[in-house]
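Fold and contact review
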Amino acid sequence: AVVSTQSTGKNLLLIKTSERLSAVTALNHSWIVNRSQNKNTIEHQKLKRFLAQRKWRALQKTIQSARMFNSLLGSKKHTSTISPPSVAMDHRKLMVAPGDSISITAHLVSAKPTCSWSKDGTLLTVDKQKFCVIESDTQSILIVSQFNAQDEGHYTIACSNPSGAVATATIQLITLAPTAPCVSFEKREFVTTEGETVKLLADIVSEPKPTVVWENKSKKDVAKSKSRFTQVEDKCYATLTITKVKLADAGNYTIKARNKLGRGAASVQLKVLPRKDSTERLQSDVSREKCTAGIPQKKKYSAL
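What you see as residue numbers is a count from 1 along each chain, following the sequence as written. Residues qualify for local features only when their pLDDT is at least 70, as the model is predicted, and side-chain atom pairs are given and counted only at 80 or more; totals for whole chains, interfaces and linings, by contrast, use all residues. Note: side-chain values were computed over all heavy atoms of the structure, leaving out hydrogens and water.

**Let's talk about the overall build of the chain**
Secondary structure elements follow DSSP: runs of H or I no shorter than four residues count as helices, runs of E no shorter than two count as strands, and numbering proceeds from the N terminus. Each helix and strand counted, the chain has five helices and 17 strands in total. For the chain, the proportion of contacts with a sequence separation of at least 24, taken over those separated by at least 6, is 64%. Reported accessibility uses the Shrake-Rupley method at a 1.4 Å probe radius. Residues are deemed covered only where the shown protein chains occlude them. Carbon and sulfur atoms make up 54% of the accessible area of the chain, which amounts to about 21000 Å² in all. By definition, residues are in contact when any of their heavy atoms lie within 4.5 Å.

**So, the packing of aromatic side chains**
Each aromatic ring pair is specified by the distance between its two centres and by the angle formed by the two planes. Pairing of aromatic rings covers Phe, Tyr and Trp, the last counted by its six-membered ring, and requires centre-to-centre distances within 6.5 Å; plane angles under 30 degrees mean stacked, over 60 mean edge-to-face, and any other angle means tilted. Applying the stated rule across the entire model yields three aromatic pairs. Plain terms: the ring middles of Phe 131 and Tyr 155 are 6.5 Å apart, the flat faces sit at 50° to each other, and that makes the pair tilted. Linking Phe 131 in strand β6 (residues 131-135) with Tyr 155 in strand β8 (residues 153-160), this pair joins segments that are 24 residues apart in sequence. Burial status follows relative accessibility: with a 1.4 Å probe on protein chains alone, a residue under 20% of its type maximum counts as buried, one over 50% as exposed, and anything between as partly exposed. Given the relative accessible area of 0%, Tyr 155 is considered buried.

**Here's the deal with the pattern of salt bridges**
We count a salt bridge whenever a side-chain nitrogen from Lys or Arg sits within 4 Å of a carboxyl oxygen from Asp or Glu. Applying the stated rule across the entire model yields five salt bridges. The salt bridge involving Glu 186 is made with Arg 92; its shortest N-O contact spans 3.4 Å. Taken as a pair, Glu 186 in the loop between β10 (179-184) and β11 (189-193) and Arg 92 in the loop between β1 (86-89) and β2 (93-96) lie far apart in primary sequence, 94 residues in all. By relative accessible area, which is 55% here, Glu 186 ends up exposed. For Arg 92, a relative accessible area of 61% corresponds to the exposed category. The partner of Asp 120 in a salt bridge is Lys 119, with the nearest N and O atoms 3.4 Å apart. Residue Lys 119 is classed as buried on the basis of its relative accessible area of 18%.

**Description of a nonpolar patch on the surface**
For patch detection, residues must exceed 30% relative accessible area and be free of salt bridges, and they are connected within 9 Å for like charges or within 5 Å for nonpolar side chains (Val, Leu, Ile, Met, Phe, Trp, Tyr). Together, Trp 56, Leu 59 and Ile 63 line one region of the surface with nonpolar side chains, adding up to about 290 Å² of accessible area. Residue placement: Trp 56 occurs in helix α3 (residues 44-81).

**Brief notes about the sheet that holds strand β3 (residues 102-109)**
In this description, strands pair whenever DSSP reports at least two bridges between them. Within the open sheet, the four strands sit side by side as β1-β3-β7-β6. Their pairing is antiparallel. The strands lining the two open edges of the sheet, one partner per strand, are β1 and β6. Each adjacent strand pair in this sheet contributes to an overall mean axis angle of 20°, direction not counted. Interaxial angles span 0 to 180 degrees and are taken between N-to-C directions of axes, which are lines fitted to C-alpha atoms, for helices over the stretch in contact.

**Some words on unusual backbone geometry**
Working note: non-glycine residues mostly have negative phi, and peptide bonds are mostly trans. Across the junction of Glu 207 and Pro 208, the peptide omega takes the value 10°, indicating a cis bond. One can find Pro 208 in the loop between β12 (198-207) and β13 (211-215). Within the chain, Gln 146 stands out as a residue other than glycine whose phi angle is a positive 50°. Its location among the elements puts Gln 146 in the loop between β7 (139-144) and β8. For Gln 146, a relative accessible area of 52% corresponds to the exposed category. The phi dihedral of Lys 219 is positive, around 65°, even though this residue is not glycine. Examined against the element boundaries, Lys 219 turns out to sit in the loop between β13 and α4 (222-225). On the basis of relative accessibility, which here comes to 61%, the residue Lys 219 falls in the exposed class.

**Describing the confidence of the model for the chain**
With 81% of its residues at a pLDDT of 70 or more, the chain shows a mean pLDDT of 80. One number per residue, pLDDT, summarises how confident the predictor is, and it ranges from 0 to 100. Between residues 1-8, whose pLDDT stays under 50, and residues either more than four places distant or in other chains, the model counts 13 contacts. Low pLDDT (under 50) marks residues 300-304, which in the prediction has zero contacts with non-local residues, meaning those over four places away or in another chain.

**Some details on the side chain of Ser 140**
Relative to the helices and strands, Ser 140 is located in strand β7. Apart from residues lying up to four places away in sequence, Ser 140 is in contact with Ile 104, Thr 105, Ala 106, Leu 108, Trp 117, Val 133, Ile 134, Glu 135 and Ile 157.

**Some remarks on the sheet that holds strand β14 (residues 229-233)**
The four strands lie next to each other as β10-β12-β15-β14, forming an open sheet whose pairing is antiparallel. Sheet topology places β10 and β14 at the edges, where each strand pairs with a single neighbour. Each strand axis lies, on average, 20° off the axis of its neighbour in the sheet, ignoring direction. Direction of pairing for β14 relative to strand β15 (residues 237-242): antiparallel, over a ladder of five bridges. Bridge assignment links Glu 233 to a residue of β15, and that residue is Ala 238.

Structure representation (structure tokens):
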């Protein structure tokens, strides 16, 4: 059957293939069967508009696909740059006198950390009366008010971030009864480098708070004799901080603690390593002396 000449070119410019003319119908179209009588033509502007719309749709799909790919790639990069959290405490055990308030500081190294505190495996309820938590990007501080025997136990902080890893740190709180000072060091030797800052940390068990003196190998109170030496003490610990360490600072250091019930003392060794630039300068001076050792020196004549 021959297609009527009233059919226009719009039937040929359809996006959906199901609405287009079939091959047999197209071959029997009036344009082909009777080309001399066919006066129907496709308008140039309509054809141009149709081709522009098809090109624009293809470009939109390409842009959408590129955006999806970039977003997926960006999310993977963002996830991979987040480091696992890290948490640490200054002490593993603290002695607390009944009735005192104690603050436990946890140092955080993490991006967007989420932290929680627990006691002996049970999550703590922060009521701001007994337990209070103060948080920042680098620290989480747990404050225990009016410490008593029921507050003894192991306190644990657990921190997580978007990386999915979890880091924990634990400290033990023990009720402190009146006692003479007992001093000890976790390390037998502290090692540092010339020019650095070093902290000598000693554990103290004492009630009431003791009077502390740090002495060097010359039996001198270093905190009073040198401005580079500062000391901090409490019922549970004592710290001697030395800034801009010198090679002459190396040697034995003794801490002496005293309260009304008695005395306690302990010693530790400080080792100071020379800086790399100092070693290189010394080697350079030695090599220069070797090079000039065999060269005869010019004689100097004094004026007559």
